[in-house]
Amino acid sequence: MHSTLAILPVAYLAPISHYAAMATHPEVQWDIHEHFHKQFFYNRCVISGPNGILKLTIPISHDHERTAVKDIRISYESPWQKLHWRSFEASYRRSPYFEYYEETFRPIYEDYKPEYLIEWNRRLFDATIEILKSDIKLSYTGEYHKLYEGIVDYRSLASPNILASKPVKEVKYLQVFEDRHGFIPDLSIIDLLCCEGPHAMQLLKN
């Protein structure tokens, strides 16, 4: 029997594979109790810019490897929100749908300064789900479990090193700089939204 519930990692504007996984499950839980690991997608998103792959990282107040993701605080010592937004503009101003979604995302980068990483990621997730017109219901895990019985576990997607063996099918579409860099798989969901707009959800389901 196919489980309706899936467990996924918390992620900053998550890779397309996360949303492809969610598209087949009406209920999703973020594992907020797993330990934070550097260079995972908890506080990093990957986009394609004029010069190739660009990794955008949210600075955090501390980087203790034994800290639960739910307790990770954002650092605002550097103007990272401004820098990230400029990167989005440079990468997607030429895309077909950036102008349609600019007013959804730009105010978040200008005005929203939550204390915790999970709050930031949730705000962007909610904005993304609204654009996708998806009825995915997101909640949080109540405690940490190493293994789950009868629940589909996608937590391995938190690691960028899982790319070659990801448990979801690759989503293909025309990217802004594909003529320069070729097709780059599994970029942030923002890439798919800007390139495919209202068609994005159908591509994820397929």
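Please refer to the structure higher up on the page.
The residue count restarts for each chain, going from 1 along the sequence in the order it is written. Residue-level local features of this predicted model are given only where pLDDT is at least 70; pairs of side-chain atoms are given and counted only at 80 or more, and the full residue set underlies all totals for whole chains, interfaces and linings. The basis for the side-chain values is all heavy atoms of the structure; hydrogens and waters are excluded.

A.B. asks: Before we move on, can you summarise the overall build of the protein chain with the specific residues and values?
C.D. replies: We count a stretch as a helix when DSSP gives it H or I for four or more residues in a row; a strand needs E for two or more, and each element gets its number in order from the N terminus. Secondary structure summary: the protein chain contains seven helices and six strands in total. Helices and strands in the protein chain line up, N terminus first, as β-α-β-β-β-α-α-α-β-β-α-α-α. With 206 residues in all, the protein chain has 54% of them scored as buried. A separation of at least 24 residues holds for 66% of the contacts in the protein chain among residues at least 6 apart in sequence. Only the protein chains shown count as covering a residue, and every accessible area follows the Shrake-Rupley method with a 1.4 Å probe. Counting every atom, the protein chain has about 10500 Å² of accessible surface; 50% of that belongs to carbon and sulfur. Exposure classes here rest on a 1.4 Å probe applied to the protein chains alone. A residue is buried below 20% of its type maximum, exposed above 50%, and partly exposed in between. Contacts between residues were defined by any pair of non-hydrogen atoms, one from each residue, lying within 4.5 Å.

A.B. asks: Tell me about the packing of helix α3 (residues 98-111) against helix α4 (residues 117-132), residues and numbers included.
C.D. replies: Interaxial distance between α3 and α4 falls to 11 Å at its minimum, and their mutual angle equals 170°. The angle between α3 and α4 places the two elements in the roughly antiparallel class. Between α3, through Y101, T104, F105, I108 and Y109, and α4, the contact on the second element is made entirely by W120, R123, L124, A127, T128 and I131. By the convention adopted, Pro, Cys, Tyr, Trp, Phe, Met, Ile, Leu, Val and Ala count as nonpolar, Lys, Arg, Asp and Glu as charged, and the other residues, Gly among them, as polar. Taken together, the residues that form the contact of α3 with α4 break down as eight nonpolar, two polar and one charged. Axis geometry follows a simple rule: fit a line to the C-alpha atoms, using only the stretch in contact for helices, then measure angles between N-to-C directions, giving values from 0 to 180 degrees. Between 65 and 115 degrees an angle is taken as roughly perpendicular, under 35 as roughly parallel, over 145 as roughly antiparallel, and anywhere else as oblique.

A.B. asks: I'd love a proper account of the environment of L193, names of residues and values included.
C.D. replies: Looking at the secondary structure, you find L193 in helix α6 (residues 189-196). Given a relative accessible area of 0%, L193 falls into the buried group. Considered as a pair, L193 and T128 are 65 residues apart in the sequence and their alpha carbons are 8.4 Å apart.

A.B. asks: Break down the sheet that holds strand β6 (residues 152-153) for me, citing the residues and quoting the values.
C.D. replies: A pair of strands is considered paired only if DSSP assigns at least 2 bridges between the two. Within the open sheet, the four strands sit side by side as β5-β2-β1-β6. Their pairing is parallel. Each of the sheet's edge strands pairs with one partner strand only, and the pair in question is β5 (137-140) and β6. As paired strands, strand β1 (residues 5-9) and strand β2 (residues 27-31) are joined by five bridges and run parallel to one another. Residue pairing for β2: L8 is matched across the bridge by W30.

A.B. asks: How would you summarise the pattern of salt bridges if you had to cite specific residues and measurements?
C.D. replies: By definition, a salt bridge exists where a carboxyl oxygen of Asp or Glu is found within 4 Å of a side-chain nitrogen of Lys or Arg. A complete count under the given rule lists 10 salt bridges for this structure. Here E115 and R73 are joined by a salt bridge, their closest N and O atoms 2.6 Å apart. Highlighted residues: E115 in the loop between α3 and α4 and R73 in the loop between β4 (52-57) and α2 (80-92), separated in sequence by 42 residues. E89 serves as the salt-bridge partner of R93, at 2.9 Å between the closest nitrogen and oxygen. Given the relative accessible area of 42%, R93 is considered partly exposed. With relative accessibility at 26%, the residue E89 sits in the partly exposed group. Here the salt bridges share partners, and the residues they tie into one network are E89, R93, E102, E103, R106 and E110.

A.B. asks: How would you sum up α2? Please name residues and give values.
C.D. replies: Between its terminal C-alpha atoms α2 stretches 18 Å, which fits the 18 Å expected from 13 residues at 1.5 Å a residue. Within α2, the full set of buried residues consists of W80, Q81, H84, W85, S87, F88, S91 and Y92. All buried residues of α2 fall inside an arc of 155° around its axis, so they share one side. The span expected for a helix works out to 1.5 Å for each residue beyond the first. Note: the arc covers the axis-to-C-beta directions of the helix.

A.B. asks: Provide a residue-level description of the pairing of β2, including the pertinent values.
C.D. replies: β2 sits mainly inside the fold: four of its five residues count as buried. Convention used here: a crossover is right-handed provided that the path from the first strand, over the helix, to the second strand proceeds clockwise when the strands point away from the viewer. Running through helix α1 (residues 16-22), the crossover from β1 to the neighbouring parallel element β2 is right-handed. With four bridges connecting them, β2 and β5 associate as parallel partners. Its bridge partner lying in β5, Q29 is registered against S139.

A.B. asks: Explain the packing of aromatic side chains to me, and be specific about the residues and the numbers.
C.D. replies: Aromatic ring pairs are defined here through the distance separating the ring centres and the angle between the ring planes. Only centres within 6.5 Å qualify two rings of Phe, Tyr or Trp (six-membered ring in Trp) as a pair; their planes then separate them into stacked at under 30 degrees, edge-to-face at over 60, and tilted for everything else. Tallied over the full model, the rule gives 15 aromatic pairs. Centre to centre, the rings of W85 and F98 are 5.7 Å apart; their planes meet at 35°, and the pair counts as tilted. With W85 in helix α2 and F98 in helix α3, the pair connects residues that are 13 residues apart, well separated along the chain. Residue class for W85 comes out buried when judged on its relative accessible area of 9%.

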